[in-house]
Amino acid sequence: MTTTTDTLNTTRPPAEPGGHKTTKPSWPEAVANHRRLEERNTVQRRFGFHAEASVRFVLERALPLRGRVLDIGTGKGRFVVPLARYVAKVTTVDVSAEEQHAARLEAEYSGVAKRIEFVLADARSLPWRAGSFDAVTSWNVFHHLDDPERVLGEMLRVLKPGGKLVLADFSPSGFCLMDEIHAAEGRRHPHPPNRFARWRARLRNRGFQVGRFADHHEEVLVALRRTNGPSIRGAHPSHRRSVWSCIQIIACALSASRWRPSAALFEILPTKCCR
């Protein structure tokens, strides 16, 4: 159920176990910040956009997220705070200290502050080595970026083999709603062309298994990076011949013994093999 400004929780929630020690924001400041977020949510709901439903939809498609998780674009914490309820620890980056301060307040209000590590950094040049994270997420951020392709490249760089990428942004209907909301306020909202088809193709070309979903005025790509395990097909021809030779020798030895291997073993052998 959506919380309204008339029913704000003014009781401090219990502290979450673990996490880094940081200076806690004051509780009255956290409550006031949450009230501002709810007021903004109320405005968006009048136009038909429900931020909470959007986040739930993305999380339903993204979860489970295991291991070390990185979130790109903290903002005011609308996504990373709910995400923190489902993971042991999440690191989130943003270039705006002001936005991250608001997110810290919301994390404190929601009782998950100790599960979130806030890092002030430019996503075009992430300060981690390649393959540092088991999952990398981003929610409604890419339409704000000047160089989204470079940021996507950085997300892929820090993602481990076997890791999961979750990329969500407004659908065409979502952008139309944002246009209406901002126009009513005398402002303009970024409205870039839809890039999801291109991103899905790019991820598939790089060996990802990609699912594309749309609902609640959101589009989501959930991509699993295949592991870089050994592959006969991808090996040099001379190496493949050596592998097949070894398999043939083993198969012939087994055939001469009393123990008979299963038919499945012979199915993978080349035609010219002693059987």
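Going by the structure above, here's the rest.
The residue count restarts for each chain, going from 1 along the sequence in the order it is written. Thresholds applied to this predicted model are a pLDDT of at least 70 for local features of residues and 80 or more for the giving and counting of side-chain atom pairs; totals over whole chains, interfaces and linings are not thresholded and use all residues. In computing side-chain values, all of the structure's heavy atoms are included and hydrogens and water are not.

K.L.:
Please explain the nonpolar core as it appears in this structure.
P.N.:
Grouping buried Ala, Val, Leu, Ile, Met, Phe, Trp, Tyr and Cys residues that are joined through side-chain atoms within 4.5 Å yields what is termed a nonpolar core. Each residue is assigned to one of three classes by its accessible area relative to the maximum for its type, calculated with a 1.4 Å probe on protein chains only: buried under 20%, partly exposed between the two thresholds, exposed over 50%. Counting residues in each nonpolar core, the largest one holds 26 residues, and the members touching the most others are Leu70, Ile72, Val136 and Leu165. Listed by contribution, the elements that provide at least two residues to this core are strand E1 (69-72), strand E4 (133-139), helix H5 (148-158), strand E5 (159-170), helix H7 (196-205), strand E6 (208-215) and strand E7 (218-225). Here a helix means four or more residues in a row that DSSP labels H or I, a strand means two or more in a row labelled E, and each is numbered from the N terminus. The dominant element in this core, judged by the number of residues it contributes, is H5, at five residues. By the convention used here, residues are in contact when the closest approach between their heavy atoms is within 4.5 Å. Apart from residues lying up to four places away in sequence, Leu165 is in contact with Val136, Leu152, Met155, Leu156, Leu159, Leu203, Leu221, Val222 and Ala223. Counting residues in hydrophobic clusters, the runner-up holds 25 residues, among them Val55, Val81, Leu83 and Ala168.

K.L.:
What's the story with the pattern of salt bridges in this structure? I'm lost.
P.N.:
Pairing is possible between side chains of opposite charge, provided their charged atoms come close. In the sections that follow, a salt bridge refers to a side-chain nitrogen of Lys or Arg positioned within 4 Å of a carboxyl oxygen of Asp or Glu. Counted by the stated rule, this structure contains eleven salt bridges. Of the charged contacts, one joins Glu52 and Arg45 as a salt bridge, the two residues approaching to 3.2 Å between their closest N and O atoms. For Glu52, a relative accessible area of 21% gives the class partly exposed. Arg202 serves as the salt-bridge partner of Glu149, at 2.7 Å between the closest nitrogen and oxygen. Of this pair, Glu149 sits in helix H5 while Arg202 sits in helix H7, and the two are 53 residues apart along the sequence. You can call Arg202 partly exposed: its relative accessible area is 25%.

K.L.:
Can you help me understand the sheet that holds E6 in this one?
P.N.:
Strand pairing in a sheet relies on backbone hydrogen bonds. The paired strands run either parallel or antiparallel. Read from one edge of the open sheet, seven strands run E3-E2-E1-E4-E5-E7-E6, paired in mixed fashion. In the strand order of this sheet, the two ends are held by strand E3 (116-120) and E6, each with one partner. Averaged over neighbouring strand pairs, the angle between their axes works out to 15° when direction is ignored. Two strands form a pair only when DSSP identifies at least two bridges running between them. Here strand E2 (residues 90-94) runs beside E3; their pairing, made up of five bridges, is parallel. Looking at E3, one finds that Thr91 is bridged to Glu117. Those strands touched by helix H2 (residues 51-62) are E4, E5, E6 and E7, and its axis lies near 20° from that of E7. Every axis corresponds to a line fitted to the C-alpha atoms, with the helix fit spanning only the stretch in contact, and the corresponding angles, defined between N-to-C directions, vary from 0 to 180 degrees. The strands that H5 touches are E1, E4, E5, E6 and E7; relative to E5, the one it contacts most, it runs at about 150°.

Everything listed is a geometric property; what it means functionally is a separate question.
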